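Spelled out, the chains give:
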Amino acid sequence: MGQRVLVVDDDPTVSDVVRRYLEREDFSVRLAGDGQAALDAYRQERPDLVVLDLMLPGIDGLEVCRRLRRQDPGLPIIMLTALGEESDRVLGLEMGADDYVTKPFSPRELALRVQSVLRRTAPPPPQTGELVDGDLRVDVARRIVTRRGEELALTVREFDLLVFLMRNPGRVLRRAELLEQVWGWTFGDQSTVTVHMRRLREKIEDDPAEPTRILTVWGVGYRYEYA
């Protein structure tokens, strides 16, 4: 078996279908049926990725996500949410989820999302180098971001988004382009980009309300400006 995936869902039918499909793709899968079981499983096994249902008995998915993110900022998390619940999706993203899949979903789609996120966290070739913008330094090879010498806790998507922005300075980047280039989605909810931009600004800007690095181009998208 290959990389380890923790699937957290209180519906045994859903969990079993997801487990069987991911195992066909050579993942090692562990199941948890509630929030506490998910936290226990994480401590015991340290999975490479977590698929996390929002609605769980006991400790809900948002709180599980928050606790996992506090322990391991780089842990990839894909949130499962109810169809049409945009507010839940946004909450999940704000809590630190990297992606989301809405129920009912295709197991094949979920497997592709898992593969996409894990590919982006794989160690890149050593020649990828370093990006520097004043007090902000990005070691792309080691996936480490520091500001004023202090390491920042970025999620997988936040890191990928920052690298893409810094490698395309001065260009106006549409949300649809960012979804495709950073998330690997040819379609999807563009509020995903908006939420991640807000979280990223909170970590790299002196004043997130008056950003100087990540600028909004109203009605179009975003532009990165070096100091």
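Residues numbered from 1 in each chain as written. Predicted model: local features only at pLDDT ≥ 70, side-chain atom pairs only at ≥ 80, totals over all residues. Heavy atoms only, no water.

So what exactly am I meant to see when it comes to the environment of Val 29 here?
By the secondary structure assignment, Val 29 is in strand β2 (residues 28-32). Given the relative accessible area of 16%, Val 29 is considered buried. With 21 residues separating them in the primary sequence, Val 29 and Val 50 have C-alpha atoms 9.8 Å apart. (Helix = DSSP H or I, 4+ residues; strand = E, 2+ residues; numbered from the N terminus. Buried < 20%, exposed > 50% of the residue type's maximum accessible area, 1.4 Å probe, protein only.)

Hey, could you run me through the pattern of salt bridges in this one?
Charged atoms that come close allow side chains of opposite charge to pair. Summed over all chains, the structure comprises 26 salt bridges. Between Asp 206 and Arg 147 there is a salt bridge whose closest N-O contact spans 2.4 Å. Here Asp 206, found in the loop between α8 (191-204) and β11 (214-217), pairs with Arg 147, found in strand β8 (residues 144-147); they are 59 residues apart in sequence, far enough to count as distant. Accessibility expressed as a relative area gives 11% for Arg 147, which makes it buried. The closest approach of N and O atoms between Arg 148 and Asp 206, which form a salt bridge, is 2.7 Å. Highlighted residues: Arg 148 in the loop between β8 and β9 (150-151) and Asp 206 in the loop between α8 and β11, separated in sequence by 58 residues. (Salt bridge = Lys/Arg side-chain N within 4 Å of Asp/Glu carboxyl O.)

Looking at this model, I keep getting lost on the environment of Trp 183. Mind explaining?
Position of Trp 183 relative to the elements: it lies in helix α7 (residues 175-183). Separated by 63 residues in sequence, Trp 183 and Arg 120 place their C-alpha atoms 9.2 Å apart. Residue contacts for Trp 183: discarding those within four places in its chain leaves Asp 98, Asp 99, Ser 116, Arg 120, Arg 157, Leu 161, Leu 178, Thr 192, Val 193 and His 196. In terms of polar contacts, Trp 183 uses its side chain to reach the side chain of Asp 99, at 3.2 Å. (Contact = heavy atoms within 4.5 Å. Polar contact = N/O pair within 3.5 Å; in protein donor to acceptor, adjacent residues only side chain to side chain.)

Help me understand the sheet that holds strand β6 (residues 130-133), please; the structure alone is not making it clear to me.
In a beta sheet, neighbouring strands pair by backbone hydrogen bonds and run either parallel or antiparallel. Spatial strand order, β6-β7-β8-β9: four strands in an open sheet with antiparallel pairing. Looking at strand neighbours, the two that pair on one side only are β6 and β9, the edges of this open sheet. Alignment of β8 against β9, held across two bridges, turns out to be antiparallel. Of the residues in β9, the one forming a bridge with Thr 146 is Glu 151. Running at roughly 110° to strand β7 (residues 136-139), helix α6 (residues 156-166) makes contact with β6, β7 and β8 of the sheet. (Pairing = 2+ DSSP bridges. Axes fitted to C-alpha atoms, helices over the stretch in contact; angles between N-to-C directions.)

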